[in-house]
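Single-letter residue listing:
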Amino acid sequence: MAEAALKTSSGSGPPVRHFLDLDAIDGAELRGIIEHAKAMKAARAGRAKGAVDADAPFAGEVLALLFEKSSTRTRISFDVAMRQLGGQAIVLDAGTMQLGRGEAIADTASVMSRYVDAVMIRANNHRMLTAFAEHADVPVINGLTDLSHPCQVMADVMTYEEHKGDIAGARFAWLGDGNNVAHSLIHAAAQFGFAMTLACPEGDQPDADIVATATDAGAEIGLTDDPVAAVRGAHCVVTDTWTSMGVDGAEERRGRFLPYQVNEALMAHAPDAVFMHCLPAHRGDEVTDGVIDGPQSIILDEAENRLHVQKAILRWCLGA
Ligand code: CP
Ligand code: NVA
């Protein structure tokens, strides 16, 4: 277990298992979470969406979902995950909490630790997430920050393997913005042993330190400004919005990113690849209808697997 994942919080109790970033958790633990998610998904095939899993591991437990920005998938899938695990979820909008009026993150974390068993946070700024985790006595899960989106990428790994088999040795192509989702995919490339080529405009490439750390850890990460070179021979083509939440200048960005659009002509260079997108998609911008609704797209399985993999993440965090 990597030290960062087991950081002891302010209390004197046992170490708390946070799920903050994929580079901070041992690769074997991440593999265990993926396999657990696959098994749990298979075990409840055909059951009602709200039916509680046979072992109800979280009976009596509560998860808080704390959002500083919008969400559809993360919010619903974590809530349903807790219901299926036999527990409960509370969905909180940070703007309507005292946090939004300046209450200290440390105080909020300490107080919430007295009410709930785990906290998932979607934060504007990654530092808010880590500050919260430093002061929480319960597990904290990263539900997206400006820097990373590890739960999404765990679902991506699971979904890729459902369709194409072992991800080790696969070649991923990332098109567009070198953003939070791209960063977590780079972390995953190092942990799960797949290669990635990212085609991004100058100035919108992924964080150089994240690339360097992954490369030092043995990952094959290529950067290019040529979309065709990136997708040629790929087993998976991935893209995301050109303007993430909290980023300004959508119109100006659109002009720069247009050459990186995933369209039918580009996918013709990757005939064996599946197509993934974390959603929400901006159809006609980063991806065309023909691709996202086409035969190579696996976006709905990808979205569904958020639920299954987050159940496994919650069980990992809470030792169930
Ligand atoms: N992919 C994802 O995190 O979606 P939401 O923003 O809807 O949660
Ligand atoms: N990169 C996007 C992902 C949304 C799920 C954003 O941060 O807005």
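Refer to the preceding data block for the structure.
Residues numbered from 1 in each chain as written. Chains lettered and ligands numbered in written order. Predicted model: local features only at pLDDT ≥ 70, side-chain atom pairs only at ≥ 80, totals over all residues. Heavy atoms only, no water.

Engineer: How would you explain the site of ligand 2 if you had to name every residue and give the values?
Structural biologist: Every residue close to ligand 2 is listed here: Leu144, Asn179, Asn180, Asp240, Thr241, Ser244, Met245 and Leu279. Here a nitrogen atom of ligand 2 sits 3.3 Å away from a polar atom, N or O, in the side chain of asparagine 179. Contact between ligand 2 and methionine 245: an oxygen atom at 2.8 Å from a main-chain N or O atom of the residue. Contact with the protein chains removes 95% of the 270 Å² of surface that ligand 2 exposes when unbound. (Near = heavy atom within 4 Å. Polar contact = N/O pair within 3.5 Å; in protein donor to acceptor, adjacent residues only side chain to side chain. Areas by Shrake-Rupley, 256 points an atom, 1.4 Å probe, with all protein chains shown as cover.)

Engineer: Account for the site of ligand 1, naming residues and giving values.
Structural biologist: Around ligand 1, the structure places Ser71, Thr72, Arg73, Thr74, Arg122, His149, Gln152, Cys278, Leu279 and Arg306. Between an oxygen atom of ligand 1 and a side-chain N or O atom of threonine 74, the distance comes to 2.7 Å. A distance of 2.8 Å is found between an oxygen atom of ligand 1 and a side-chain nitrogen or oxygen belonging to histidine 149. Contact with the protein chains removes 96% of the 260 Å² of surface that ligand 1 exposes when unbound. Residue classes in the shell around ligand 1 are distributed as two nonpolar, five polar and three charged. (Nonpolar A, V, L, I, M, F, W, Y, C, P; charged D, E, K, R; others polar.)

Engineer: An account of the side chain of aspartate 156 is requested, with residue identities and associated values reported.
Structural biologist: Within the secondary structure layout, aspartate 156 lies in helix H5 (residues 150-164). Arginine 306 provides the closest opposite charge to the buried, unpaired aspartate 156, separated from it by 7.1 Å. Setting aside anything within four residues of it in sequence, one finds aspartate 156 in contact with Met276 and Glu302. (Helix = DSSP H or I, 4+ residues; strand = E, 2+ residues; numbered from the N terminus. Buried < 20%, exposed > 50% of the residue type's maximum accessible area, 1.4 Å probe, protein only. Lys, Arg positive; Asp, Glu negative; His and termini not counted. Salt bridge = Lys/Arg side-chain N within 4 Å of Asp/Glu carboxyl O. Contact = heavy atoms within 4.5 Å.)

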